Amino acid sequence: MPTISVQGRPYFYQERGEGEPLLLFHGFPFTGDSFRPQLDSPPKGVRLIVPDHRGFGQSALAPGIATMEAMAEDGLALLDALKIPSAFVGGVSMGGYVAIALTRLDPGRVRGLLLLDTQSLADDEAGKARREATAQDVEKNGVGAVVDGLLPKLMSASVAPAVRARVEKMMRAQSPQAVAAASRGMAARLDGKDILSRFSGPTAIVVGAEDVITPLEKAKVMHDLVAGSTLDVIAGAGHLANLEQPRALAPIIARLIARG
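The model shown is predicted, which means the values in this text are computed figures rather than measured ones. (Residues numbered from 1 in each chain as written. Predicted model: local features only at pLDDT ≥ 70, side-chain atom pairs only at ≥ 80, totals over all residues. Heavy atoms only, no water.)

A. Region of interest: the sheet that holds strand 2 (residues 9–16). With mixed pairing, the eight strands of this open sheet are ordered in space as 1-2-4-3-5-6-7-8. Looking along the sheet, the strands with just one partner apiece sit at the ends: strand 1 (3–6) and strand 8 (230–234). Taking each pair of neighbouring strands and ignoring which way they run, the sheet shows an average axis angle of 25°. As paired elements, strand 3 (residues 20–25) and strand 5 (residues 87–92) share four bridges and run parallel to each other. Within strand 5, the residue paired with Leu-22 across the bridge is Phe-88. Lying over the sheet, helix 2 (residues 68–81) contacts strand 1, strand 2, strand 3, strand 4 (46–51) and strand 5, oriented at roughly 65° with respect to strand 2. Contacts from helix 9 (residues 216–225) reach strand 6 (110–116), strand 7 (203–208) and strand 8 within the one sheet, and its direction differs from that of strand 8 by about 165°. (Pairing = 2+ DSSP bridges. Helix = DSSP H or I, 4+ residues; strand = E, 2+ residues; numbered from the N terminus. Axes fitted to C-alpha atoms, helices over the stretch in contact; angles between N-to-C directions. Contact = heavy atoms within 4.5 Å.)

Take a look at the structure:
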């Protein structure tokens, strides 16, 4: 399976399709397999590149907090290894935070943004405290409680049982250490409003109509920040719209790439 070495750590990625490169970052606490529908049927003219974040799936964990900037630097190292000077960049939920962090670190590498069920706002103090409590609980008791608490909020009430089962299995397979490191990394993330307000590339913002974690109101904040961005609300989907309604996402990706 394809991996690169990032500071001596194996960093796993999947790649499908041919055409314009689209680097997609997965959410919390998943792996790149959360983009399985897109990997199995990549939009025409698109080269999908989907890594596992440090410590998740088949990528090795690095010491310390997994900040959004650190995960973005991993993504930049992957683009370097693949000799890709610039790409469309996107992500779901935490992956959207990473995409925004990458844009802050090296905006010249970002041809366009795909922000799926995510937000630009940083955590408030109460949110940071909840992230730390999650990290401590996972380190002590494993990922079970996190999965049990998060799973009911992730998808719509009408989600197919097979999709729900696949998501749950993926979550339960993750390393407690990686989950704790990423939870602390999300708590430490910077507010993204400044970088989005300056970004001039094509941007597609997508939110599931039943997303209760980052609902439409938060998508509208990003839409208002990025001049010329598009905003699509996907019916019959919650926080993982790309998994619940992949057919609805495909033309949005195609439209974004065409604008680039």
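Structure shown, so let's carry the discussion forward.
B. Structural detail: empty space enclosed by the protein. All told, the structure shown has two cavities of 30 Å³ or more when counted by the stated rule. Of the volumes computed, that of the largest cavity is approximately 90 Å³. Every residue along the wall of the largest cavity is listed here: Met-68, Glu-69, Tyr-97, Ile-100, Ala-101, Arg-104, Gln-119, Ser-120, Arg-189, Leu-190, Asp-191 and Gly-192. At the level of secondary structure, the elements contributing two or more residues to the lining of the largest cavity comprise helix 2 and helix 3 (94–105). (1 Å grid on protein atoms, 1.4 Å probe; cavity = no way out; pocket = protein on both sides within 12 Å on 5 of 7 lines; lining within 4 Å. Points joined across faces, edges and corners; volume = space filled by probe spheres on them.)

C. Spatial organisation of the nonpolar core. With 80 residues, the main nonpolar core has Leu-114, Leu-154 and Val-167 as its most contacted residues. If one sorts the elements of this core by residue count, helix 3 sits on top with seven residues. Those residues within four positions of Val-167 in sequence are excluded, and the remaining contacts are Phe-30, Leu-151, Leu-154, Met-155, Leu-240 and Leu-243. (Core = buried A, V, L, I, M, F, W, Y, C linked by side-chain atoms within 4.5 Å. Buried < 20%, exposed > 50% of the residue type's maximum accessible area, 1.4 Å probe, protein only.)

D. Structural context of the pattern of salt bridges. Inspection of every chain in the model, using the stated rule, returns 19 salt bridges. Residues Asp-40 and Arg-36 are paired through a salt bridge, measuring 3.2 Å at the closest nitrogen-oxygen approach. With Asp-40 and Arg-36 both in helix 1 (residues 36–40) and four residues apart, the pair spans about one turn of that helix. The class of Asp-40 is exposed, set by a relative accessible area of 52%. Three or more residues are tied together by salt bridges with common partners; here these are Asp-148, Arg-164, Glu-168 and Arg-172. (Salt bridge = Lys/Arg side-chain N within 4 Å of Asp/Glu carboxyl O.)

E. Just the layout of surface pockets, in detail. Volume-wise, the largest pocket comes out at about 730 Å³. Those elements giving two or more residues to the lining of the largest pocket turn out to be helix 4 (125–141), helix 5 (144–154) and helix 7 (176–187). The element contributing the most residues to the lining of the largest pocket is helix 5, with six residues. Per-class residue counts for the lining of the largest pocket are 12 nonpolar, nine polar and eight charged. (Nonpolar A, V, L, I, M, F, W, Y, C, P; charged D, E, K, R; others polar.)

F. Broad picture of the side chain of His-53. Structurally, the position occupied by His-53 is in the loop between strand 4 and helix 2. Residue classification places His-53 among the buried positions, given a relative accessible area of 1%. Excluding anything up to four places from it in sequence, His-53 contacts Tyr-11, Phe-25, His-26, Ser-59, Met-71, Met-94, Gly-95 and Val-98.

G. Fine view of helix 7. When the terminal C-alpha atoms of helix 7 are compared, their 17 Å separation across 12 residues agrees well with the 16 Å that a helix rising 1.5 Å per residue should span. Of the surrounding secondary structure, the elements contacted by the buried residues of helix 7 are helix 2, helix 3 and helix 4. (Expected span 1.5 Å × (residues − 1).)

It is worth stressing that arrangement in space is one thing and function is another; only the former is reported here.
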